[in-house]
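# Descriptive structure summary
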Amino acid sequence: MKGMLFRNSRSRLTENTTLTLGAAEPVVIELRASKRARRLSLRVSRLDGRVTLTAPFGANKDEALQFATERLDWIRSHLAQTAPSEVPGVGSTLPFRGAPLTLERGKARVVEISGDSMLLPPQSPERDAIRAEMFLKETARAALVAASDTYAAKVGRPYGRITLRDTRSRWGSCSSRGNLSYSWRLIMAPPQVLDYVAAHEVSHLVHMDHSRLFWAQVEAIFPNYQAPRKWLKDHGTELHRYRFRD
């Protein structure tokens, strides 16, 4: 949700701060001053319910407060739709390569996949979630390296290094030096989704933009990319609801 640009010189916003609105049901809002923003922009994260109000650097604080206050009902309606986070443990399910796995207690000292189950080591059950996360990261790295190698060979361009992150704003990126970065949570999505993201980022080795030529390059090495792209748009947020660490 966006608002007008404020030019009032009184009570300028020059640093990030927080606002608490509403007495009966208080809502905490992160107020961010941005030199790139041209107007007020209000966002409610579907992942954790974080409310962010981005304002142009030097905007009037009182008017930003009024902007948020007038939209409290809108904020609360979106907060009600926020999916609760889930800490994986024995008995719960966790998506892996697009299919739900039931977490069960195994006998080995490492995490194993058996049928539709993820078997967790018997020792130190308090580390179940962390072990599941480590397994997902290791599997994601192997899958993303393999996919990046495949599509880099198709475009005939080498890439630099591969980094795994847990970013919420993007699933992958390609730097000007050819380094690739991916979200390890892609291993929880269907395999074709992971492959699409790899093909997308590798295509940036040829075109560092999202021009027609870029999308033609994606299509050339990954035909019918629209379906996995739409899957990420429709279901990608769900992959972030799993919390593995405090």
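Here the residue numbers are simple positions, counted from 1 along each chain's written sequence. Selection of residues for local features in this predicted model requires a pLDDT of at least 70, selection of side-chain atom pairs for listing and counting requires 80 or more, and totals for whole chains, interfaces and linings are taken over all residues. As a rule here, side-chain values cover all heavy atoms of the structure and leave hydrogens and water aside.

Next up on the list: helix H4 (residues 191-203). Spacing of three or four residues puts side chains on the same side of an α-helix, whose turn is 3.6 residues. We count a stretch as a helix when DSSP gives it H or I for four or more residues in a row; a strand needs E for two or more, and each element gets its number in order from the N terminus. A helix's residues, less one, multiplied by 1.5 Å, set its expected span. Between its first and last C-alpha, H4 extends 18 Å over 13 residues, near the 18 Å set by a 1.5 Å rise per residue. Of all 13 residues that make up H4, 10 are buried, and the element is covered over most of its length. Among the residues of H4, Val193, Leu194, Tyr196, Val197, Ala198, Ala199, His200, Glu201, Val202 and Ser203 are the ones counted as buried. We call two residues in contact when some of their heavy atoms are within 4.5 Å. In this fold, the buried residues of H4 make contact with helix H3 (128-155), strand E10 (172-174), strand E11 (180-183), helix H5 (212-221) and helix H6 (226-235). Buried residues are those whose accessible area, probed at 1.4 Å on protein chains only, stays under 20% of the maximum for their type, while exposed residues exceed 50% and partly exposed ones sit between those limits.

So, about the side chain of histidine 204. Of note, histidine 204 is situated in the loop between H4 and H5. We classify histidine 204 as buried; its relative accessible area is 8%. At 3.0 Å, the side chain of histidine 204 forms a polar contact with the backbone oxygen of histidine 207. When sequence neighbours within four positions are dropped, the list of residues in contact with histidine 204 reads Cys174, Asp209, His210 and Phe214. Each polar contact in these results corresponds to two N or O atoms within 3.5 Å; when the atoms are within protein, one needs to be able to donate a hydrogen and the other to accept it, and residues that are neighboring in sequence are counted only if both atoms are side-chain atoms.

Counting 46 residues, the largest nonpolar core has Leu94, Met118, Leu136, Tyr182 and Leu186 as its most contacted members. When contributions to this core are tallied by element, the ones reaching two or more residues are strand E5 (93-96), strand E6 (99-105), strand E8 (117-120), H3, strand E9 (162-165), E11, H4 and H5. Sorting elements by how many residues they give to this core places H3 first, with 10 residues. Among residues more than four places away in sequence, those in contact with leucine 94 are Pro88, Ala99, Pro100, Leu101, Leu103, Met118, Ala132, Leu136, Met188, Tyr242 and Phe244. The criterion is simple. A nonpolar core is a set of buried Ala, Val, Leu, Ile, Met, Phe, Trp, Tyr and Cys residues joined through side-chain atoms within 4.5 Å.

Attention shifts here to the sheet that holds E8. In this description, strands pair whenever DSSP reports at least two bridges between them. Across the sheet, which stays open at both edges, the 4 strands sit in the order E5-E6-E8-E7 with mixed pairing between neighbours. In this open sheet, the two edge strands, each paired with only one partner strand, are E5 and strand E7 (112-114). This sheet shows a mean twist of 40° between the axes of neighbouring strands, independent of strand direction. Here E7 runs beside E8; their pairing, made up of 3 bridges, is antiparallel. If you follow glutamate 112 over to E8, its bridge partner there is leucine 119. Axis definition: a line fitted to C-alpha atoms, over the contacting stretch in the case of helices. Angles run 0 to 180 degrees between N-to-C directions.

Once that is clear, we can look at the domain arrangement of the chain. Its domain assignment divides the chain into domain 1 (12-81) and domain 2 (130-240). On a C-alpha basis, the centres of domain 1 and domain 2 stand 32 Å from each other. Residue ranges for the domains originate in an automatic or database domain assignment.

Space inside the largest pocket adds up to approximately 980 Å³. Cavities and pockets are defined on a 1 Å grid built over the protein atoms alone: a cavity is a set of grid points where a 1.4 Å probe fits but cannot escape, while a pocket is an open set with protein on both sides within 12 Å along at least five of seven lines, and lining residues are those with an atom within 4 Å of any such point. Around the largest pocket, the lining comprises 31 residues; the ones closest to its centre are Arg43, Arg168, Ser169, Arg170 and Trp171. Of all the elements in the fold, those that place two or more residues in the lining of the largest pocket are strand E3 (41-44), strand E4 (51-56), E10, H4 and H6. Take the lining of the largest pocket: its biggest share by element is 4 residues, from H4. In terms of residue class, the lining of the largest pocket is made up of 8 nonpolar, 13 polar and 10 charged. Grid points are joined across faces, edges and corners, and a volume is the space filled by probe spheres set on the points. Under the grouping applied here, Gly and all other residues not named as nonpolar or charged are polar, the nonpolar ones being Ala, Val, Leu, Ile, Met, Phe, Trp, Tyr, Cys and Pro and the charged ones Asp, Glu, Lys and Arg.

With that settled, consider the pattern of salt bridges. Any carboxyl oxygen of Asp or Glu within 4 Å of a side-chain nitrogen of Lys or Arg constitutes a salt bridge here. Taken as a whole and assessed by the stated rule, the structure comprises 9 salt bridges. Arginine 105 is the salt-bridge partner of aspartate 128, the closest N and O atoms lying 2.8 Å from each other. Of this pair, aspartate 128 sits in helix H3 while arginine 105 sits in strand E6, and the two are 23 residues apart along the sequence. Overall, arginine 105 belongs to the partly exposed group, its relative accessible area being 35%. One salt-bridge network, in which partners are shared between bridges, spans Glu30, Arg32 and Arg50.

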